[in-house]
Amino acid sequence: MSKLTDAERRQIFWTATAIAVAVSLVQGAITTLVEICESEGLWTIRFSLGRREHLWWTGIAMALVASLGSMVLSFLAGNNNDSLGIILLASASSIAVFRYAWPAWRNRHYCSNRWAAWTGPSRTGIDATLVPLIEGNDPWPILSKGVPAMKQHPVDTRLPIFRSNLIADDPTDILKAKKRLIDTVSGQQPDEEKSKSNTPIKPLDRVPDDKTGLYAPIYADKSASLLWGSHIGFSPRVSRAILAVPQRLLQSSPLTSSGHDGQPVCLAHGILGRNKGLEPHTFIFSLNPGKFEEKCVQWPRPSKVLRTYYREEMNAAYGGLGAVFVDAATELALLLADSSHRLIEDWLSLRMEHQDHSLNNQLAKLGASDEELKVFYRLSYAAMLVSLSAHRKGRKCRPEVKLFTAYWKKYKGGELPAWMDNAVVVERIGREESGAGDTDLDALIEAVLYQIDPPRSV
């Protein structure tokens, strides 16, 4: 080291200083961006950054270590005034590694699943006057191009770095803008043309399909249920339901009000904010906790001791939807707490949190009545919990038909609907049972239909 010239020693010193200053600026910029996102509700950007949090903290830590190495090299070369800088950089490097980079790496799977839980497909209600606008084999690209640019909600805002062909606007906003455009054009037409254009738009005269995103049944005078997301051309964004979630649950290391780990609760809120449908107060679900826990793939379910604390969280958020919804929400959070990150990732990637849209459309085409289709919807949360409790790699179907069959036989009585004998439905039941391994699917279904109130008209 003594062979280094004064110029070389100064060069090493200023290199170390430049790295430290650059790292400080980058770290400050990222921290400020995160704080802005959280304070202004830019949750799509915040959760997107969260998926890469471990990478940027690793980069910062490595840069600080490189700066520390340069400073030590400068000190050994004879710059004895660098001792204070070495101490400061050593402290900063330790903090970056052990306080930020290491926890970020441990949280990386959670942050990835948090993004999936909050940005997956959403089920939303569409006003009866707007439903007829959803027509054609692939309506959304056409509808989105025919309306003027709209101001986005802060939650929907994305980083304008990469240009995407996916639709960035909310489907309800698109339909409302389209309706206003039609009304404006109609108002500018001559009286004869106006009388023709004012003829009421007929509702869909066919069963909806995967491209429309609509669930059957559809009525002329009632709102319809729409499942929308990247599968029909929309850009992923965080659900606006996040506005009702306490900010303590939205941190990288969230906590419940009781001080317990809040990660499962945050994931559950993301799922529940997207899949309720139009009438969540009518869900059919009654749990036998002991039997359900014993038959789950997550057995022995260590997080069951948190049931009371998680129920308090869910009751505060969803108490207005009734005890059945709170019970289902609580069990979902407990199941997520006992599931591995890989299992949750696989389950969410298959859209298993949602009522099977393709099955709904298929059964409508096979002649299922409106009442039967509504029973499938009312059983959708029970099916969600059974699917998660029995999930493993390779399972791709929620046990919706098996659950419907068990409910119909137990509480409706009489013969099963004629469409149950169709080859398509029989094949579907086989797929629901396949891949279960040693999981007792029938016992799980029985456990979520433990004590159901007498069936009422739907």
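This section reports on the structure supplied with the text. In this text, all values refer to a predicted model and were calculated from it rather than measured experimentally. (Residues numbered from 1 in each chain as written. Predicted model: local features only at pLDDT ≥ 70, side-chain atom pairs only at ≥ 80, totals over all residues. Heavy atoms only, no water.)

### Focus on the packing of aromatic side chains
Thought 1: Counted according to the given criterion, the structure contains 13 aromatic pairs.
Thought 2: Between tryptophan 228 and phenylalanine 234, the ring centres sit 5.2 Å apart and the planes meet at 70°, which makes this aromatic pair edge-to-face. The residues tryptophan 228 and phenylalanine 234 share a single accessibility class, namely buried.
Thought 3: Considering the side-chain rings of phenylalanine 283 and tyrosine 377, the 5.2 Å spacing of their centres and the 55° angle between planes classify their relative orientation as tilted. Within this pair, whereas phenylalanine 283 is found in the loop between helix 8 (263-272) and helix 9 (289-295), its partner tyrosine 377 is found in helix 14 (residues 370-378), the two being separated by 94 residues in sequence.
Thought 4: Judged by relative accessible area, which is 6%, phenylalanine 283 ranks as buried.
Thought 5: For the cation-ring pair, arginine 123 lies above tyrosine 215, with the distance from its terminal atom to the ring centre recorded as 3.7 Å.
Thought 6: It is lysine 412 that lies over the ring of tryptophan 408; its NZ or CZ is 5.6 Å from the centre. (Phe/Tyr/Trp six-rings, centres within 6.5 Å; stacked < 30°, edge-to-face > 60°. Buried < 20%, exposed > 50% of the residue type's maximum accessible area, 1.4 Å probe, protein only. Helix = DSSP H or I, 4+ residues; strand = E, 2+ residues; numbered from the N terminus. Lys NZ or Arg CZ within 6 Å of the ring centre and 35° of its normal.)

### Digging into unusual backbone geometry
Trans peptide bonds make up the majority, and among non-glycine residues the majority have a negative phi.
Thought 1: A cis geometry characterises the amide bond from alanine 216 onward to proline 217, with omega recorded as 0°.
Thought 2: With respect to the element layout, proline 217 can be found in the loop between helix 7 (191-197) and strand 2 (224-228).
Thought 3: A cis amide bond links tryptophan 299 to the next residue, proline 300, at an omega of 20°.
Thought 4: For proline 300, the location among the structural elements is in the loop between helix 9 and helix 10 (307-318).
Thought 5: One non-glycine residue, arginine 301, lies in positive phi territory at about 55°.
Thought 6: Counting through the fold element by element, arginine 301 comes out in the loop between helix 9 and helix 10.
Thought 7: With a relative accessible area of 0%, arginine 301 lands in the buried category.
Thought 8: With a phi close to 60°, arginine 351 is a non-glycine residue in the positive phi region.
Thought 9: Tracing the backbone shows arginine 351 in the loop between helix 12 (341-349) and helix 13 (357-365).

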